[in-house]
Structures are given as structure tokens and as C-alpha cells.
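Take a look at the letters that make up each chain.
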Amino acid sequence: MNWINNEFTRFVVVGGLNTVNYYLVYLICFNLLEWHYLVAHILGFFVSLVISFFLNVYFTYRVKPTFSKFLQFPLSQLANITLSSCLMYIFVDLLGWNGNAAPFAALFITVPVTFMITGKILKK
């Protein structure tokens, strides 16, 4: 169980759980409650963001949560979406890569960068 003690591994596990959290909220709101897809997406994003904060604080980085950290935490996701969007543009439009494969290539860059930014925010 040494692999679970690695912060980066725990970060990836939390990311996987967050993806599942987001998608479950989205599916419930969109399919069961028949809400507009954008409303379902935004609610799913915010619910997973809150869960992500607490999972990262307690499980990934093992630090004390504060209100200040909670308010700064979305910056890590802003950096993620900005970087991944730029990479997608580079991969697809400039390099001519397949649009289905490009997001996975972007993950190899965005996950470590988001890990470092999240760590800086939460370890203050």
C-alpha cells in the first residue's frame, strides 16, 4: 500500500472520484430532473469542486481546511481549463491531431500542473 501514500497518486484518485461525482450529478439533473444541460453541468461542476476541495485537503495533501483555501481552490481549476483548452487548440488545429485523442494527451500535461497549483494553494 505504499503507492497510496504518494501525494500525486492520491491526487489522481481524487480526480477520478471527482469525475464520477460530476457525472452522477449531471446525469441525475439532466435525465431524471430534466433540467437544462448547462444548468446540470454547472451544478455538477460546483458539487464536484466542493467535494474535490475536501478530498484534496483531507486525503491528498493532508492539511487543515480554511475558508481562504476554499476560496482560492477554484483557481486550480481555472488554470486547468485554460491550459487544457490551449493544448487542445495546439494539438488539433496547429498539429492536426485527432480531436478524440487530443484530450488524453493534454491530461499528461494538465494533471501535473494542476497538482502543483493545487498543492501550492492548499499547503499555504
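Keep in mind that this is a model prediction, so the values were computed, not measured.

Caption draft 1: Representation of the packing of aromatic side chains within the structure. Considering all chains together, one arrives at 13 aromatic pairs under this definition. Ring geometry for Tyr 61 against Phe 115: centres 5.8 Å apart, planes inclined by 25°, an arrangement best described as stacked. With Tyr 61 in the loop between α2 (37-60) and α3 (67-72) and Phe 115 in helix α5 (residues 102-122), the pair connects residues that are 54 residues apart, well separated along the chain. Relative accessible area serves as the criterion here: at 16%, Phe 115 is assigned to the buried category. Here the aromatic rings of Phe 91 and Trp 97 are separated by 4.3 Å at their centres, their planes lie at 10°, and the arrangement is stacked. Residue Trp 97 is classed as partly exposed on the basis of its relative accessible area of 40%. Of the aromatic side chains, those joined through ring pairs into one cluster are Phe 53, Phe 54, Tyr 58, Phe 70 and Phe 73.

Caption draft 2: Region of interest: the layout of surface pockets. If you add up the space inside the largest pocket, you get close to 1,000 Å³. What lines the largest pocket is a set of 28 residues, and nearest its centre among them are Gly 15, Thr 19, Gln 77, Asn 80 and Leu 107. Put simply, the parts of the chain that give the lining of the largest pocket at least two residues each are α1 (7-32), α2, α4 (74-94) and α5. Within the lining of the largest pocket, the residues separate by chemical class into 15 nonpolar, 13 polar and no charged.

Caption draft 3: Quick peek at the packing of α1 against α5. With their axes 11 Å apart at the nearest point, α1 and α5 run at an angle of 105° to one another. In terms of axis orientation, α1 runs roughly perpendicular to α5. Residues Glu 7, Phe 8, Phe 11 and Val 12 of α1 lie in contact with α5, whose contacting residues are Val 111, Pro 112, Thr 114, Phe 115 and Thr 118. Partitioning the contact of α1 with α5 into residue classes produces six nonpolar, two polar and one charged.

Caption draft 4: Broad picture of a nonpolar patch on the surface. A contiguous nonpolar surface patch, about 730 Å² in accessible area, is contributed by Val 20, Leu 24, Ile 28, Leu 32, Leu 33, Trp 35, Val 39 and Leu 43. Among the elements of the structure, α1 and α2 are those that each provide at least two residues to the nonpolar patch. With four residues, the top contributor of residues to the nonpolar patch is α1. Structurally, Ile 28 can be placed in helix α1.

Caption draft 5: Seen up close, the nonpolar core. Phe 11, Leu 49, Phe 53, Val 57, Tyr 61, Val 63, Phe 73, Phe 115, Ile 121 and Leu 122 form the largest nonpolar core, which has 10 residues in total. Taken together, the elements giving at least two residues each to this core come down to α2 and α5. The residues touching Leu 49, leaving out its near neighbours within four places in the chain, are Phe 73, Pro 74 and Gln 77.

Cut-offs applied
- Residues numbered from 1 in each chain as written.
- Predicted model: local features only at pLDDT ≥ 70, side-chain atom pairs only at ≥ 80, totals over all residues.
- Heavy atoms only, no water.
- Phe/Tyr/Trp six-rings, centres within 6.5 Å; stacked < 30°, edge-to-face > 60°.
- Helix = DSSP H or I, 4+ residues; strand = E, 2+ residues; numbered from the N terminus.
- Buried < 20%, exposed > 50% of the residue type's maximum accessible area, 1.4 Å probe, protein only.
- 1 Å grid on protein atoms, 1.4 Å probe; cavity = no way out; pocket = protein on both sides within 12 Å on 5 of 7 lines; lining within 4 Å.
- Points joined across faces, edges and corners; volume = space filled by probe spheres on them.
- Nonpolar A, V, L, I, M, F, W, Y, C, P; charged D, E, K, R; others polar.
- Axes fitted to C-alpha atoms, helices over the stretch in contact; angles between N-to-C directions.
- Parallel < 35°, antiparallel > 145°, perpendicular 65-115°, else oblique.
- Contact = heavy atoms within 4.5 Å.
- Patch = residues over 30% accessible without salt bridge, like charges linked within 9 Å, V, L, I, M, F, W, Y side chains within 5 Å.
- Areas by Shrake-Rupley, 256 points an atom, 1.4 Å probe, with all protein chains shown as cover.
- Salt bridge = Lys/Arg side-chain N within 4 Å of Asp/Glu carboxyl O.
- Core = buried A, V, L, I, M, F, W, Y, C linked by side-chain atoms within 4.5 Å.

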